[in-house]
Amino acid sequence: MIDLTIEDNVAHVVLNAPKKLNSLDEAALDELAQAYTEAERAGVRALVLRGEGRAFCAGRDISRVDPATDDTDAYLSGKVQPLLRQMSTFPAPTFAAVQGACLGVGLGLAIATDVVYVAEDATIGSPFANLGATLDSGGHALFTERLGAHRTLDLIYTAEMMKGAEAVAAGLFSRAVPAEDLLDFTMQRVSKAAAGATQAYVASKKLVAQVRDAKVGLWDSMAAENKAQAALCSTEDYAEGFAAFQEKRKPEFTGKG
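These numbers were taken from a predicted model, which means no experiment stands behind them. The residue numbering used here restarts from 1 in each chain and proceeds along that chain's sequence as written. Since the coordinates come from a predicted model, pLDDT governs what is reported: local features require at least 70, and pairs of side-chain atoms require 80 or more to be given and counted, while whole-chain, interface and lining totals use all residues. The side-chain values count all of the structure's non-hydrogen atoms but skip hydrogen atoms and water molecules.

Undergrad: Mind showing me how you'd approach the sheet that holds strand E6 (residues 115-119) here?
TA: Sheets are built from strands paired through backbone hydrogen bonds, the pairs being either parallel or antiparallel. Sheet architecture is open: 6 strands sit in the order E1-E2-E3-E4-E6-E9, paired in mixed fashion. Of all the strands in the sheet, just strand E1 (2-7) and strand E9 (175-177) have a single pairing partner and so form its edges. When strand polarity is set aside, the average angle formed by the axes of neighbouring strands in this sheet is 20°. Of the pairings in the sheet, the one linking E1 to strand E2 (residues 10-15) comprises 6 bridges and is antiparallel in character. In the sheet register, Ile-6 faces E2, and the bridge partner there is Ala-11. The sheet contacts of helix H1 (residues 26-41) involve E1, E2 and strand E3 (46-51), and relative to E1 the element is tilted by about 10°. Here, strands pair whenever DSSP counts at least two bridges between them. In this text, helices come from DSSP runs of H or I with a minimum length of four residues, and strands from runs of E with a minimum of two, each type numbered from the N-terminal end. To get an axis, fit a line to the C-alpha atoms, keeping to the stretch in contact for a helix; angles then go from 0 to 180 degrees between the N-to-C directions. Contacts are residue-level and defined by heavy atoms, with any inter-residue pair within 4.5 Å sufficient.

Undergrad: Explanation requested: the pattern of salt bridges in the structure shown.
TA: A side-chain nitrogen of Lys or Arg and a carboxyl oxygen of Asp or Glu constitute a salt bridge if their distance falls within 4 Å. Overall, the coordinates contain 10 salt bridges when judged by the stated rule. Put simply, Asp-61 and Lys-20 hold a salt bridge, and the shortest N to O gap is 3.1 Å. In this pair, Asp-61 is assigned in the loop between E3 and helix H2 (72-88) and Lys-20 in the loop between E2 and H1, connecting sequence segments 41 residues apart. Judged by its relative accessible area of 31%, Lys-20 falls in the partly exposed class. A cluster of three or more residues bridged by salt bridges with shared partners is formed by Glu-145, Arg-146 and Arg-212. Exposure classes here rest on a 1.4 Å probe applied to the protein chains alone. A residue is buried below 20% of its type maximum, exposed above 50%, and partly exposed in between.

Undergrad: Where do I start with the packing of H1 against H2 in this structure?
TA: Packed helices, taken two at a time, are described by their axes: the angle between them and the distance between them. Orientation of H1 relative to H2, taken along the N-to-C sense of each, is 25°, at an axis distance of 10 Å. Considering the angle they form, H1 stands roughly parallel to H2. Crossing angle aside, the handedness with which H1 passes H2 is left-handed. On the side of H1, the interface is formed by Glu-26, Leu-29, Asp-30, Leu-32, Ala-33, Tyr-36 and Thr-37, while H2 contributes Tyr-75, Lys-79, Val-80, Leu-83, Gln-86 and Met-87. To sort the angles, those under 35 degrees are grouped as roughly parallel, those over 145 as roughly antiparallel, those from 65 to 115 as roughly perpendicular, and the leftovers as oblique. By definition, any crossing whose near helix is turned counterclockwise from its far helix by less than a right angle is left-handed, and any crossing with a clockwise turn is right-handed.

This is the structure we're talking about:
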């Protein structure tokens, strides 16, 4: 159910099971991990993740899950968490176009993506209170970081959903656009990123991850930025960027180190 195509240095990863709202079973998670592995091997300079049909991803496919025998920890720790870590450390800018339902592990996929654009009427949140379960796939960290503890627990306790426009206004994701414009809007920015200074983007991605993981404070982060900038000085794109600026022309980046 996972489609991968690579074109113009961009990996297009598509969740393609629209009849079940792109919900994911263990086999689909393995396919998704393989798609990211293949995209990394291909050396793409940007990746876009989207869902086919009227939903991005409605979460785990529980149609055949027996709660009495289900090993939830094996599913989350053995399948979901490694995938989300792989996605979040992908060595190029990643984007997600989110329409319709973005729930459960689907929310996790969005959390693990660098930049998330959502349809204004997308449905985002945690329905787990209705299942006697709790938010997973990194949702507690994301919600608390961006919404605060009170709003996070409000959404979890009530199982209320947020629309895309509300989620963006609250700082949960990047931008909200009309649903009919979502894919074009996303691809314009993906294409721009794929033509950019990939190594510089990856350096920023790592720096942001350090701050988010609370590994460094302001001044340590600044020191890490200095080292990253110094390392970038030796890249082809750095030289091209400076030359283009000095020559008053548009740079032609290769993404190479």
